[in-house]
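Notes for the structure review
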Amino acid sequence: MELLWEQRGVPFPLQGTLPDEFDVLQSSGHGFAGTPAGARDYIAEQAEEGGVNYIVCDLAFGDITFDEAKRSIELFAKEVMPAFAEA
């Protein structure tokens, strides 16, 4: 997540606040990876608990290939976002 900040010599504002491993992030409830149905559930729970009306998604990170990221984005657009169109 901090690669572009580092490349441009800009201090990363979240330095030291995010775990280095995704499993730790996910187990703390601050990240999700899984099926579109699971993503819908995760987002709905986060929205209800936090009272938020928007989210930020990072669908391309780590060693994910372009094709994997593209598939994730397509699934998110087709199977997750429509569930929140009325929100």
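Residues numbered from 1 in each chain as written. Predicted model: local features only at pLDDT ≥ 70, side-chain atom pairs only at ≥ 80, totals over all residues. Heavy atoms only, no water.

1. Details of the overall build of the protein
- Scanning the protein from terminus to terminus reveals four helices and zero strands.
- The linear arrangement of helices and strands in the protein, starting from the amino end, is α-α-α-α.
- Considering only residue pairs separated by 6 or more positions, the protein has 28% of its internal contacts joining residues 24 or more positions apart.
- Summing over all exposed atoms, the protein offers an accessible surface of approximately 7,200 Å²; the carbon and sulfur share of this is 55%. (Helix = DSSP H or I, 4+ residues; strand = E, 2+ residues; numbered from the N terminus. Contact = heavy atoms within 4.5 Å. Areas by Shrake-Rupley, 256 points an atom, 1.4 Å probe, with all protein chains shown as cover.)

2. Considerations on the packing of aromatic side chains
- All told, the structure shown has two aromatic pairs when counted by the stated rule.
- Note on W5 and F12: the rings are 5.8 Å apart at their centroids and 75 degrees apart in plane angle, and the pair reads as edge-to-face.
- Owing to a relative accessible area of 35%, W5 belongs among the partly exposed residues under this scheme.
- Classification of F12 by relative accessible area gives buried; the value is 12%.
- Their ring planes at 20 degrees and their centres at 5.5 Å tell us that F32 and Y42 sit as a pair that is stacked. (Phe/Tyr/Trp six-rings, centres within 6.5 Å; stacked < 30°, edge-to-face > 60°. Buried < 20%, exposed > 50% of the residue type's maximum accessible area, 1.4 Å probe, protein only.)

3. Structural notes on the confidence of the model for the protein
- Of the residues in the protein, 98% reach a pLDDT of 70 or more, and the chain-wide mean stands at 88.
- Within the protein, the lowest mean pLDDT, 84, falls on helix α1 (residues 3–7), and the highest, 96, falls on helix α4 (residues 66–80). (pLDDT = per-residue confidence, 0-100.)

4. Considering the environment of G9
- When you line up the elements, G9 lands in the loop between α1 and α2 (22–27).
- For G9, a relative accessible area of 65% puts it in the exposed group.
- The spacing of G9 and V52 is 43 residues in sequence and 32 Å in space, taken between C-alpha atoms.

5. Notes on a negative patch on the surface
- Together, E2, E6, D20, E21 and D23 give the surface a local cluster of negative charge.
- Mapped onto the elements, D23 comes out in helix α2.
- Under the relative-accessibility criterion, D23 is labelled exposed at 61%. (Patch = residues over 30% accessible without salt bridge, like charges linked within 9 Å, V, L, I, M, F, W, Y side chains within 5 Å. Salt bridge = Lys/Arg side-chain N within 4 Å of Asp/Glu carboxyl O. Lys, Arg positive; Asp, Glu negative; His and termini not counted. Charge placed at Lys NZ, Arg CZ, Asp CG, Glu CD.)

6. Side note on helix α3 (residues 36–50)
- Here α3 contains 15 residues, and its C-alpha end-to-end distance of 21 Å stays within 8% of the 21 Å for a straight helix at 1.5 Å per residue.
- Packing partners of the buried residues in α3 comprise α4. (Expected span 1.5 Å × (residues − 1).)

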